[in-house]
Amino acid sequence: MPIVLVEDLRKSFGSLEVLKGISLSVERGQVVALLGRSGSGKSTLLRCLNGLETISSGRIEIGGHVMSYAPAALRALRKDVGIVFQSFNLFPHLSAAENVMLAPRVVKKTPKREARELAMEMLGKVGLIDKADVYPDQLSGGQQQRVAIARSLAMQPRVMLFDEVTSALDPELTGEVLNVMERLAAEGMTMLLVTHEMEFARRVATTTVFMYKGLVHETGSSKELFGRPSTSEFRQFLGVTSD
Amino acid sequence: MFQLQFAPALAETPALLRGFWLTIELTVAAILLGGALGLAAAMARNMGPRFVRWLVSAYVELIRNTPFLVQLYIVFFGLPSVGVRVSAIQASIIAMTINLGAYAAEIFRAGIESIHRSQIEAGASLALTRPQILVHVILAPAVSKVWPSLVSQFILIMLTSSVCSFVSVEELSGAAATIQSATFRSFEVYIIVGAVYLGFAILLKSALASVGERLFRRPGTAPRKAKLAAEPGGLR
Amino acid sequence: MIRPFGSDEILFLFEAARWTSVLSLAALALGGLFGLAVALARVSVSNVLRTAASGYITVVQGIPVLILLFLAYYGLSTMGFDLPPLIAASLSLGIYASGYLGDIWRGAIESVALQQWEASASLALTRGQQYRYVIIPQSVRIALPPTVGFLVQLIKNTSIVSIVGVVELTRAGQLVNNATFEPFPVFLSVAAIYFIICYPLSLIARRLEAQFNAYRAG
Ligand SMILES: Nc1ncnc2c1ncn2[C@@H]1O[C@H](COP(=O)(O)OP(=O)(O)O)[C@@H](O)[C@H]1O
Ligand SMILES: [Mg+2]
């Protein structure tokens, strides 16, 4: 049974149709790279999967929940679906550990001690135990993004969504974030990630989805797709981005 | 159960209108005089000799940290006690001018300080005279920048004019006090008067805003306000 | 009998200044409570609440404090509540404060980046939890300087309630002036006491503002 199932998803902003009928199925443990030109709707798709955008039509099932916008149902879904943004979006008034502890404490009512232990475990996963009590503005971009990943992981989600999480980073800092993600993939986390790191997508993603003008244009195992791109648009895309 | 009766109060419409007219006169006088005083004070503070700067900031701080009513009392009761005779209306205009002047000075100062040195130098390099630089490079953009704050301050001084009724000026609030003691429909009188102030505040605000647009029209600079919660359900 | 303006009178003024403080604090408490409700309504998802709150702000900011005072005073007595002047005064000053604080705090809440809402929503926080743990703590930092600045306005505006017979600082000044006929020294002393109360707050507001700007810039 797929853990993510998207059927004929359409999304418009006013008169602009951004997603024009996306269908997608992801099995547990799969790592799916979403590729495509800027504006092709990748972020919108991920945001729809977390309920940050309401869909115009179609159906989403994710992490064992059917997408519904009733507040309680949406929260239940979000407990099982984490998302990490390009711009980190850490809470600036909370330390790294507090950022990670917040949701377990207030959403899951985890006692403070336990939440703190959980936070340390998650910060350990992203290699930032020594930064637990540091505030976001004292952290580098790469460190902030790793805290953001730890913050999502602390809810023990079944699916993780990553939207260009290294795009805002200086090149020398992308590696540390990609390493964390690669380890996560190796642990069996189901992941959907939008990325411009072609090498990473080819190596780590089990499946690649190429989006073009609001539609899934080409999809398959990453090996196949990168080895023998079948549409001219994907070939062109690979050509453009690999130089 | 109580019942509102507006008829007795409305029968006094002429008196209310006279009061309203005086409120308008006080407001216009204060805006013109206080605005000019504020601009002069801001320029003195920015460009004057050290002693003058100190004097202006003392003036600004003293006025901004004491109530208008007390300032009015000092003018109205104090001046006659040293032999300067002022009517209640004159005292009101003096107090409102001095009061607005201090707030306007702060606002103008912020505007003037936001003008970059490089722009003044650019003006000089175009062979503009000093007065030309002052008017076109410094003051005009400065005032246009702070116009919204000025407008808020003008509205506040209009509302503050109600306090002049304390020295028995028969502006709108003073007229209301007279009428309510004659009709015994106090609540109704103040509802009407409150509505008149509110209407005038809204009118004055939009009128001053369009004056600003006329005076400082610069195409394409209207700042787009970030919409946050405006979209229902947008923040799920 | 005319008395000279001496130390007894000064003492009397200082004692009356206590009532100015009491009124200010009561109005701040009431205004803070209403103001928070107004601010939250102003940014709520409900159209009706948003419109109502924005109407409330327009009305309160468009009517002189003096008229608000009379409306509260005579409105309540028309409805059969005969409140002591001090209570009516606190109430009307509280309403006045809520109109401005509500607006200041709305601005502060709206200035928290949209991404903070999204990040906290994606962690399954309820709207109330988002406010409590993410949005309000960040807004407070933004709202503090203008709030302290407004407190100065509030303190000064307590002088208005001298008209309903509350013997706060300004009313005490009037009384002393009536007894001494020395308006200059009396009202200058009154002004000086207000200044002693307000100026430090103005300085604090300015300092907080500078700190906040430095924080934002750095
Ligand atoms: N909130 C929005 N309102 C209007 N248009 C939007 C909004 N979000 C995205 N879009 C538009 O949708 C299209 C797809 O955007 P996006 O999903 O961000 O693409 P990608 O992530 O692939 O670059 C773009 O044309 C973008 O301008
Ligand atoms: Mg994107």
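Worth saying up front: this structure is predicted, and the values here are computed from it rather than measured. (Residues numbered from 1 in each chain as written. Chains lettered and ligands numbered in written order. Predicted model: local features only at pLDDT ≥ 70, side-chain atom pairs only at ≥ 80, totals over all residues. Heavy atoms only, no water.)

Regarding its fold elements, chain A presents 9 helices and 10 strands. A globule of 243 residues ought to have a C-alpha radius of gyration of about 18 Å, and chain A, at 18 Å, matches this closely. C-alpha atoms of chain A, sized along the principal axes, occupy 55 × 40 × 35 Å. Expressed as a percentage of the 243 residues in chain A, the buried residues total 56%. In chain A, 64% of the contacts between residues at least 6 apart in sequence involve partners at least 24 apart. For chain A, the separation between the mean place of its 29 positive charges and that of its 27 negative charges on side chains is 5 Å. (Helix = DSSP H or I, 4+ residues; strand = E, 2+ residues; numbered from the N terminus. Rg over C-alpha atoms; globule rule 2.2 N^0.38 Å. Buried < 20%, exposed > 50% of the residue type's maximum accessible area, 1.4 Å probe, protein only. Contact = heavy atoms within 4.5 Å. Lys, Arg positive; Asp, Glu negative; His and termini not counted. Charge placed at Lys NZ, Arg CZ, Asp CG, Glu CD.)

In this section: the environment of B:I107. All names here are of chain B. Relative to the helices and strands, I107 resides in helix α5 (residues 88-113). I107 gets classed as buried once you look at its relative accessible area, which sits at 12%. Sequence-wise, I107 and S149 are 42 residues apart; in three dimensions their C-alpha atoms are separated by 7.0 Å. Not counting residues within four places of it along the chain, the set of residues in contact with I107 comprises V146, S149, L150 and Q153.

Time to look at the interface of chain B and chain C. Opposite the 44 residues of chain B that make contact, chain C presents 50 residues. Counting the surface lost from both chain B and chain C, the interface buries some 3900 Å², and carbon and sulfur atoms represent 73% of this. For the interface between chain B and chain C, the tally reads 1 salt bridge. Here C:R206 ties to B:E61 by a salt bridge, and the two come within 2.7 Å at their closest N and O atoms. If you look at where chain B meets chain C, you find 6 residue pairs in polar contact (both at pLDDT 80 or more). If you list the elements that add at least two residues to the side of chain B that touches chain C, you get α3 (50-64), α4 (68-81), α7 (130-160), α8 (172-183) and α9 (186-216) of chain B. It is α9(B) that provides the largest number of residues to the side of chain B that touches chain C, a total of 10 residues. Of the residues assigned to the side of chain B that touches chain C, the class counts are 29 nonpolar, 11 polar and 4 charged. (Buried area = accessible area lost by both parts, 1.4 Å probe. Salt bridge = Lys/Arg side-chain N within 4 Å of Asp/Glu carboxyl O. Polar contact = N/O pair within 3.5 Å; in protein donor to acceptor, adjacent residues only side chain to side chain. Nonpolar A, V, L, I, M, F, W, Y, C, P; charged D, E, K, R; others polar.)

A few words on the UniProt feature "transmembrane region" (unreviewed entry) in chain C. On the UniProt side, "transmembrane region" (unreviewed entry) is annotated at positions that read residues 20-41, 53-76 and 184-205 of chain C here. A helix fraction of 100% and a strand fraction of 0% characterise residues 184-205 of chain C, whose end C-alpha atoms lie 30 Å from each other. (UniProt positions renumbered as here; feature names shortened; annotations may be inferred.)

Before going further, it helps to spend a moment on the packing of helix α5 (residues 141-153) of chain A against helix α6 (residues 171-186) of chain A. All names here are of chain A. As a packed pair, α5 and α6 sit with axes 8 Å apart at the nearest point and diverge in direction by 20 degrees. Judged by the angle between their axes, α5 and α6 are roughly parallel. Between α5 and α6 the crossing geometry is right-handed. Listed contacts from α6 to G141, G142, Q143, Q145, R146, I149 and L153 of α5 are L173, E176, V177, V180, M181 and L184. Across the contact of α5 with α6, the residue classes tally to 7 nonpolar, 4 polar and 2 charged. (Axes fitted to C-alpha atoms, helices over the stretch in contact; angles between N-to-C directions. Parallel < 35°, antiparallel > 145°, perpendicular 65-115°, else oblique. Left-handed = near helix turned anticlockwise from the far one by under 90°.)

Before going further, it helps to spend a moment on unusual backbone geometry. Residues and elements named next belong to chain A. Phi angles above zero are rare outside glycine, and D8 is one such case at about 45 degrees. Secondary-structure assignment places D8 in strand β1 (residues 4-13). A residue is classified by how much of its surface remains accessible, and D8, at 39% relative accessible area, is partly exposed. Not every positive phi belongs to a glycine, and K109 is a case in point at roughly 55 degrees. Position of K109 relative to the elements: it lies in the loop between α3 (96-106) and α4 (112-125).

Okay, α5(A) next. Helix length check: α5(A) (13 residues) gives 18 Å between terminal C-alpha atoms against 18 Å at 1.5 Å per residue, within 8%. Within α5(A), 13 of the 13 residues are buried, which leaves the element mostly enclosed by the surrounding structure. (Expected span 1.5 Å × (residues − 1).)

Let's shift gears to the site of ligand 1. Residues and elements named next belong to chain A. All residues adjacent to ligand 1 are F13, V18, R37, S38, G39, S40, G41, K42, S43 and T44. K42 places a polar side-chain atom, nitrogen or oxygen, 2.8 Å from an oxygen atom of ligand 1. Between an oxygen atom of ligand 1 and a side-chain N or O atom of T44, the distance comes to 2.5 Å. Top element by residues in the shell around ligand 1 is helix α1 (residues 42-49). It accounts for 3 residues. When the residues that make up the shell around ligand 1 are grouped by side-chain class, the tally is 2 nonpolar, 6 polar and 2 charged. (Near = heavy atom within 4 Å.)

On to the packing of aromatic side chains, then. Residue and element names in this part refer to chain A. Scanning the model with the defined rule gives 21 aromatic pairs over all chains in all. Their ring planes at 45 degrees and their centres at 4.8 Å tell us that F210 and F234 sit as a pair that is tilted. Of this pair, F210 sits in strand β9 (residues 207-212) while F234 sits in helix α9 (residues 232-241), and the two are 24 residues apart along the sequence. Given a relative accessible area of 1%, F210 falls into the buried group. (Phe/Tyr/Trp six-rings, centres within 6.5 Å; stacked < 30°, edge-to-face > 60°.)

Residue and element names in this part refer to chain A. The 4 strands lie next to each other as β2-β1-β4-β5, forming an open sheet whose pairing is antiparallel. The open sheet has two edge strands with one neighbour each: β2 (16-26) and β5 (65-66). Inspection of the sheet shows strand β4 (residues 57-62) paired to β5 by 2 bridges, in the antiparallel sense. The residue of β5 that forms the bridge with I62 is H65. Taken strand by strand, α1 contacts β1, β2 and β4, and its axis lies near 120 degrees from that of β1. (Pairing = 2+ DSSP bridges.)

So, on to the UniProt feature "domain: ABC transmembrane type-1" (unreviewed entry) in chain C. If you check UniProt for "domain: ABC transmembrane type-1" (unreviewed entry), the listed places come out as residues 17-205 of chain C in our numbering. Helix makes up 83% of residues 17-205 of chain C and strand 0%. Its end C-alpha atoms lie 22 Å apart.

Our next topic: a nonpolar patch on the surface. A grouping of C:M79, C:F81, C:L83 and C:I87 is seen on the molecular surface, where their side chains present a nonpolar patch of about 360 Å² in accessible area. Tracing the sequence through the fold places C:L83 in the loop between α3 (65-78) and α4 (85-110). (Patch = residues over 30% accessible without salt bridge, like charges linked within 9 Å, V, L, I, M, F, W, Y side chains within 5 Å. Areas by Shrake-Rupley, 256 points an atom, 1.4 Å probe, with all protein chains shown as cover.)

Now for the pattern of salt bridges. Two side chains with opposite charge may pair up if their charged atoms get near one another. Residue and element names in this part refer to chain A. Considering all chains together, one arrives at 21 salt bridges over all chains under this definition. In this structure, D133 and R116 form a salt bridge, with 3.2 Å as the shortest nitrogen-oxygen distance. Of the two residues, D133 sits in the loop between α4 and α5 while R116 sits in helix α4, which places them 17 residues apart along the sequence. Residue classification places R116 among the partly exposed residues on the basis of a relative accessible area of 29%.

Turning next to empty space enclosed by the protein. Tallied over the entire structure, the rule returns 2 cavities of 30 Å³ or more. Here the largest cavity is characterised by a volume of approximately 50 Å³. Around the largest cavity, the lining residues are A:I83, A:V84, A:F85, A:F88, A:A148, A:R151, A:S152, C:A119, C:S122 and C:L123. Looking at the lining of the largest cavity, the elements that each hand over two or more residues are β6 (81-84) and α5 of chain A together with α5 (114-122) of chain C. Examining the composition of the lining of the largest cavity, we find that 3 residues originate from one element, α5(A), more than from any other. Within the lining of the largest cavity, the residues separate by chemical class into 7 nonpolar, 2 polar and 1 charged. (1 Å grid on protein atoms, 1.4 Å probe; cavity = no way out; pocket = protein on both sides within 12 Å on 5 of 7 lines; lining within 4 Å. Points joined across faces, edges and corners; volume = space filled by probe spheres on them.)

What follows deals with the confidence of the model for chain C. When pLDDT is averaged across chain C, the result is 93; 98% of the residues are at 70 or more. Interface scoring of the predicted complex returns ipTM 0.93; its pTM is 0.87. (pLDDT = per-residue confidence, 0-100.)

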